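Chains, contacts and geometry: an overview
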Amino acid sequence: MKDHELIFEKSQESQHAYSLPKDDPEWLGFLPDEALLRKGPLLLPEISEIDLTRHFSGLAKCNMGIDTNFYPLGSCTMKLNPRINEQAAQLPQLNRTHPLAPDEAVQGNLQVIFELLKLLGEISGMCAGSLLPNAGSQAEFTGLRMIRAYHESRGDQKRSQIIIPDAAHGTNPASSSLAGYETVTVKSNAQGAIDLDHLAKLLSDKTAGLMLTNPSTLGLFLPTILQITKLVHDAGGLLYYDGANLNPILNLVRPGDMGFDVMHINLHKTFSTPHGGGGPGSGPVLCNQLLKPFLPTPRVAFINDRYQTIWNDSTSIGKIASFHGNFSIYLRAYLYIKLHGQYGLRKIAEGAVINANYLKSRLQPYFTIPYPQPCMHEFVVQADRYLNQGVRAFDIAKRLLDYGVHAPTIYFPLLVKECMLIEPTESESLATLDHFVDIIRQIVNEIQNDPELVKTAPHSTSVKRLDEALAARQPVLRYSIKQR
Amino acid sequence: MDFVSNKEIQFEKMLKIIGVDCKEDLWKDIPRCLWKASPLEDDGLSEFEGLNHIEAIASKNQFSLFESYLGAGAYEHHVPALVQAVTSKPEFLTAYTPYQAEASQGMLQAVFEYQSCICALTGMDAANASLYDGASACAEALLMAMRLKHERREILIADSLHPHYLDVVMQYLGGHEVSVKLLPVLPDGSLDLEKVAIGEQTAAILLQYPNFFGVIDPVAKLFETSKKFGIITVLCGNPLAYGLYASPNEVHADIAIGDTQPFGLNLQFGGPYAGYIACRAEYVRQLPGRIVGMTKDAEGKRGFVLTLQTREQHIRREKATSNICTNQALASLSSLVAMLWYGKQGIAKLALSNYQRCAYLKSKLEGFSKVKTVSSKPFFNEFCIELSIPVREFLDYMRSHQIEPGLCLAPFKFERSNQLLIAVTETKSKAQLDRYIQLAGDLLS
């Protein structure tokens, strides 16, 4: 059995892993109408349990994770995923409950939902929320639908635009389109902040709201935030806070105090729930009194000493996801918050900021630092000086993989040339940060003396540089027998 | 407690190198009036206390003591032990989206295999890497159909679609110019075929298989007619059902969606589950979400990458096919492991066993005088019964014997206030089923 074979290529006739509970003769006679049955074969592999086990062990060896590698992926907050959270999430009394069970039978699950929302409300300076959205972008969609419902409830049909900064994450304009809004882009100035003059020009009676991340996607706190929120409110719009960058301001600044009306939190970023190779996440949405009536259903209330599910509400925008959202995920976040306490969360924020500024200072000899002022949890560097040797940020990212470090985010935000967005998080120790700087120094040395090595990286991963253009030109998206 | 590695002694050194006197200097761009005082008094709990706290909350749940016959989009199935063993591997659990493909071949290959399994089950040509759940998958499929047929402005949806799913679909369609017509349902839970009006104004038709009531509708016939008008046919199906019943490909579906929760995912009070979407080759470029494709590396070795990314939000922004970024990766990995553990033979046998246990309970209940099974149509995993005693009485009695007998349909829109939706899976043994029958007989015979 060769390494890296697809599971389909390891199939051996009649072999299998499954076992099934014994059937009783009394029901063996029941069969559906022949005409309705599946005719075509089920082209799945036949594979034994040991071979299946080894297959996944082999795949795991070809994958980097936080547990194994420093992972400074900007805007993703790759902090430690504590194992105690995993233990809690496996408790069968919480893990094997049906979402439509009667409330009396699931008071424990409902308590987690109720208490977590209170905790998140305190942290964010909001008064109410919902744990339903499955991820940040679904929360953005939810928040925008709530903003729409709010304007419609005021009889205001004119507000058709959402203002979004040019440096915003792609989900912001995508969610805006999905919610039926037109996206209007506001420019950033040379200091990496919103251009207030441009914003003032864009605001009108067509403005439904502004979506903003603060600290921004450049890792910078917007010093003019209070002016921004006032400008938008004065124009009759509302403010949506994209909580992707909440980590450095936990219990230091509250989005509600900044003037935001509605926001989301990425539990899989700020609150350590595991990234899982790309999900599942959880994106609770939180809001102030103005938008509270429009929160989606179901909601959990505490009435007469009992937790109750409220499935319907006349002012709610209705459902945005099935059942109660990603319970097992936000259960982990709940425990994470209880373990830290309010002070522990503050320590996260302080540690994240110091770690980022330290790394930024130490990387100064090697990269252009476009925004020299103190950063928050992440910062942008530019590798444009190495274009002279024909080396791009892309190449440096690939060479980092050879040193056992996952590359930072590259080419986001789009407005900074040859950029890398670096977010160490508060999890990392000083030695790890210093080691990263040493690696960068070595790579810069290689760029001067042996640029080909960097331009053709990576060399020590399970595959060499992959041809992305080929994959898009001739898409092969599944295994089919003729590929053998 | 916290997980911040650096302590005062490191931070002091670091602040010197940064060139500031104290950490407050790093917050100088934050308006002072926004600064909160440090909440020093609440330092949280130890691991031990934290776990105790969660266990105390868990012990308030009575549900695990019950034998449950609840379904309605969330099904109790055995989760193979291998699932947990694989998904708890640190390289899968603690990785993120495979943006650096060379360092993420493990996850990328797993997703490719998952896409392949979904195609094998559904008979479709391409699948994506997962969506949030069955509900949003329905919405995404209809938006996809609208992009494909952008001159058409009407969508037909079976009123026997899961009500939660329908609500989510209406939420997503709310931002778009489209008219939705619901296809009416007969008292027996099947589609009223006489009242289905298909025309050239229709962009898409969405049916569920089995539908909310557990009934298998004559999907093939309806879809065949729909294809004559160039309508995009969308089938929302329980993937386990395809181990027994005709696949989406065989019933002329263009897009297949649903939730892979029955494979490898515990009930988890509703999530995370994992939506799937698959389609015929000609529609691939309109699929939402992440897709993994095969390619070669610089030495000609096979590898996998995220592909067709120009559909996605990080490139197309407001013109993306969807806003989805994080999906349900680890949950779809759980489903992949389970689908492979059952494999070619196992899925067919599992589906049949589910069908037969359900048929057994249904046939026995049919024998009681105070109950009617609502439908004689084909079914899978679930069926409805109409009681001639108050539902409340039946629920209370069964619950007093630690059985949750089914979902009362009174709170739903259907005007079936004295009906119960009962789900039976392979987790119910003959002894358990006979006990249900015996106790039900106490009230219903």
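Residues numbered from 1 in each chain as written. Chains lettered and ligands numbered in written order. Predicted model: local features only at pLDDT ≥ 70, side-chain atom pairs only at ≥ 80, totals over all residues. Heavy atoms only, no water.

Considerations on the overall build of chain B
From N to C terminus, chain B includes 12 helices and 15 strands. A sequence separation of at least 24 residues applies to 72% of the contacts in chain B between residues at least 6 apart. Accessible area of chain B: about 14,600 Å², with a carbon and sulfur share of 52%. Placing the 43 positive and 50 negative side-chain charges of chain B at their respective mean positions leaves the two points 5 Å apart. (Helix = DSSP H or I, 4+ residues; strand = E, 2+ residues; numbered from the N terminus. Contact = heavy atoms within 4.5 Å. Areas by Shrake-Rupley, 256 points an atom, 1.4 Å probe, with all protein chains shown as cover. Lys, Arg positive; Asp, Glu negative; His and termini not counted. Charge placed at Lys NZ, Arg CZ, Asp CG, Glu CD.)

Details of the packing of helix H1 (residues 49-60) of chain A against helix H10 (residues 329-366) of chain B
Interaxial distance between H1(A) and H10(B) falls to 10 Å at its minimum, and their mutual angle equals 155°. When the axis of H1(A) is compared with that of H10(B), the two are roughly antiparallel. The element H1(A) and its partner H10(B) pack so that their crossing is right-handed. Of the residues in H10(B), those in contact with A:Glu49, A:Leu52 and A:Phe56 of H1(A) are B:Leu333, B:Leu336, B:Val337, B:Leu340 and B:Trp341. A per-class count over the contact of H1(A) with H10(B) returns 7 nonpolar, no polar and 1 charged. (Axes fitted to C-alpha atoms, helices over the stretch in contact; angles between N-to-C directions. Parallel < 35°, antiparallel > 145°, perpendicular 65-115°, else oblique. Left-handed = near helix turned anticlockwise from the far one by under 90°. Nonpolar A, V, L, I, M, F, W, Y, C, P; charged D, E, K, R; others polar.)

Thoughts on helix H8 (residues 225-234) of chain A
Every α-helix carries 3.6 residues per turn, so stepping three or four residues along brings you back to the same face. Residue and element names in this part refer to chain A. Among the residues making up H8, those that are buried are Ile225, Ile228, Thr229 and Val232. Taken around the axis of H8, the buried residues stretch over an arc of 95°, which confines them to a single face. What points out from H8, more than 90 degrees from its buried face, is the exposed set Lys230 and Asp234. Of the surrounding elements, those touching the buried residues of H8 are helix H7 (196-202), strand E4 (207-212), strand E5 (238-243) and helix H9 (255-258). Gly236, located one to two residues past H8, shows a positive phi value of around 90°. (Buried < 20%, exposed > 50% of the residue type's maximum accessible area, 1.4 Å probe, protein only. Arc of directions from axis to C-beta.)

Some words on the environment of A:Lys398
When you line up the elements, A:Lys398 lands in helix H11 (residues 393-402). The buried category is assigned to A:Lys398, whose relative accessible area is 2%. It is 44 Å that separates the C-alpha atoms of A:Lys398 and A:Phe114, two residues lying 284 residues apart in sequence. For A:Lys398, the residues in contact, after removing those within four places along its chain, are A:Ala457, A:Pro458, A:Arg465, B:Gln100, B:Ala101 and B:Glu102. In this structure the side chain of A:Lys398 is engaged in a polar contact, spanning 2.7 Å, whose partner is the side chain of B:Glu102. (Polar contact = N/O pair within 3.5 Å; in protein donor to acceptor, adjacent residues only side chain to side chain.)

Looking at the packing of helix H6 (residues 134-148) of chain B against helix H7 (residues 163-173) of chain B
All names here are of chain B. Contact geometry of H6 with H7 gives a least axis separation of 8 Å together with a crossing angle of 40°. Considering their axes alone, H6 and H7 lie oblique with respect to each other. Of the two possible hands of crossing, H6 and H7 adopt the one that is right-handed. Each of Gly134, Ala135, Ser136, Cys138, Ala139, Leu142, Leu143 and Met146 in H6 lies in contact with H7, whose residues at this interface are Tyr165, Val168, Val169, Tyr172 and Leu173.

Brief notes about the packing of aromatic side chains
Scanning the model with the defined rule gives 27 aromatic pairs over all chains in all. Plain terms: the ring middles of B:Phe112 and B:Phe304 are 4.8 Å apart, the flat faces sit at 45° to each other, and that makes the pair tilted. Of the two residues, B:Phe112 is situated in helix H5 (residues 105-122) and B:Phe304 in strand E10 (residues 302-306); the sequence distance between them amounts to 192 residues. Given the relative accessible area of 0%, B:Phe112 is considered buried. Members of the aromatic cluster, connected to one another through ring pairs, are B:Tyr209, B:Tyr242, B:Tyr245, B:Tyr355, B:Phe379 and B:Phe380. The ring of A:Tyr181 has A:Arg148 sitting right over it, with the charged end atom 4.6 Å from the ring centre. The side chain of B:Arg32 reaches across the aromatic face of B:Trp35, ending 3.8 Å from its centre. (Phe/Tyr/Trp six-rings, centres within 6.5 Å; stacked < 30°, edge-to-face > 60°. Lys NZ or Arg CZ within 6 Å of the ring centre and 35° of its normal.)

Some thoughts on the nonpolar core
Core analysis: the biggest nonpolar cluster contains 132 residues, and A:Phe271, A:Leu363 and A:Phe367 have the highest contact counts within it. No other element matches the 18 residues that helix H10 (residues 327-363) of chain A contributes to this core. With sequence-adjacent residues up to four places away left out, A:Phe367 is seen in contact with A:Val381, A:Gln382, A:Ala383, A:Arg385, A:Tyr386, A:Ile396, A:Met420 and A:Ile440. Core analysis: the next-biggest nonpolar cluster, separate from the first, contains 114 residues, B:Leu82, B:Ala253, B:Leu306 and B:Ile347 among them. (Core = buried A, V, L, I, M, F, W, Y, C linked by side-chain atoms within 4.5 Å.)

Focus on the environment of A:Lys187
Residues and elements named next belong to chain A. Examined against the element boundaries, Lys187 turns out to sit in the loop between strand E3 (182-186) and H7. In this structure, the C-alpha to C-alpha distance between Lys187 and Glu86, residues 101 residues apart in sequence, is 42 Å. In this structure, Lys187 is in contact with Asp166, Ala193, Ile194, Asp195 and His198, ignoring residues within four places of it in sequence.

Observations concerning the sheet that holds strand E12 (residues 419-422) of chain A
Residue and element names in this part refer to chain A. Taken in spatial order, the 3 strands make up an open sheet running E10-E12-E11, and their pairing is antiparallel. A single partner strand is all that each edge strand has here, and the edge strands are strand E10 (379-382) and strand E11 (409-410). Relative to E12, E11 runs antiparallel, the two being bridged by 2 bridges. For Ile410, the partnering residue across the bridge sits in E12 and is Met420. (Pairing = 2+ DSSP bridges.)

Let's talk about the pairing of strand E15 (residues 419-423) of chain B
Residue and element names in this part refer to chain B. Among the 5 residues that make up E15, 5 are buried, leaving the element largely enclosed by the rest of the structure. Of the two faces of E15, the one carrying Gln419, Leu421 and Ala423 and the one carrying Leu420 and Ile422 are both buried. Pairing of strand E14 (residues 407-408) with E15, which is carried by 2 bridges, proceeds in the antiparallel orientation. What sits directly across from Leu407, in E15, is Leu421.

Comments concerning the state of the cysteines
Following the criterion strictly, the structure yields 0 disulfides over all chains and no others. You can see A:Cys287 has no disulfide; the closest cysteine sulfur is in A:Cys127, sitting 5.7 Å from it. The thiol of B:Cys119 is unpaired, and the distance to the nearest cysteine sulfur, on B:Cys279, comes to 8.2 Å. (Disulfide = S-S within 2.5 Å.)

Let's talk about the interface of chain A and chain B
Taken together, the 197 residues of chain A in the interface contact 185 residues of chain B. Carbon and sulfur atoms supply 63% of the area buried between chain A and chain B, which totals about 16,500 Å² over both sides. At the junction of chain A and chain B, the tally comes to 10 salt bridges. Note that B:Lys430 is salt-bridged to A:Glu26, the shortest N-O span being 3.4 Å. Remark: the boundary between chain A and chain B carries 94 residue pairs in polar contact (both at pLDDT 80 or more). Per-element tally for the side of chain A that touches chain B: the top contributor is H10(A), with 26 residues. Partitioned by chemical class, the residues of the side of chain A that touches chain B number 100 nonpolar, 61 polar and 36 charged. (Buried area = accessible area lost by both parts, 1.4 Å probe. Salt bridge = Lys/Arg side-chain N within 4 Å of Asp/Glu carboxyl O.)

Some thoughts on the pattern of salt bridges
Scanning the model with the defined rule gives 39 salt bridges over all chains in all. Where A:Lys347 meets B:Asp2, a salt bridge forms, and the shortest distance between an N and an O atom there is 2.9 Å. Of this pair, A:Lys347 sits in helix H10 while B:Asp2 is found in the segment before helix H1 (8-18), placing the two residues in two different chains. A residue is classified by how much of its surface remains accessible, and A:Lys347, at 22% relative accessible area, is partly exposed. For B:Asp2, a relative accessible area of 16% translates into the label buried. One salt bridge in this structure joins B:Lys413 and B:Asp159, with 2.6 Å as the shortest N-O distance. In this pair, B:Lys413 sits in the loop between E14 and E15 while B:Asp159 sits in the loop between strand E3 (154-158) and H7, placing the two residues 254 residues apart along the sequence.

Some words on the confidence of the model for chain B
A residue-level look at chain B finds 100% of positions with pLDDT of 70 or above and a mean pLDDT of 95. Taken over the whole predicted complex, pTM reads 0.96, whereas the ipTM for its chain interfaces reads 0.96. (pLDDT = per-residue confidence, 0-100.)

Overview of unusual backbone geometry
Here the amide bond leading from A:Thr297 into A:Pro298 is cis, since omega sits at 5°, within 30 degrees of zero. Along the chain, A:Pro298 falls in the loop between strand E7 (285-287) and strand E8 (299-303). Here the residue pair A:Phe412 and A:Pro413 is connected by a cis peptide bond, since its omega of 0° sits within 30 degrees of zero. The residue A:Pro413 is located in the loop between E11 and E12 in this model. Within the chain, A:Asn304 stands out as a residue other than glycine whose phi angle is a positive 50°. Tracing the sequence through the fold places A:Asn304 in the loop between E8 and strand E9 (306-310). Note on A:Asn304: relative accessible area 68%, which makes it exposed. Positive phi, close to 55°, is recorded for B:Ala72, a residue that is not glycine. Structurally, B:Ala72 can be placed in the loop between strand E1 (67-68) and helix H3 (81-87).

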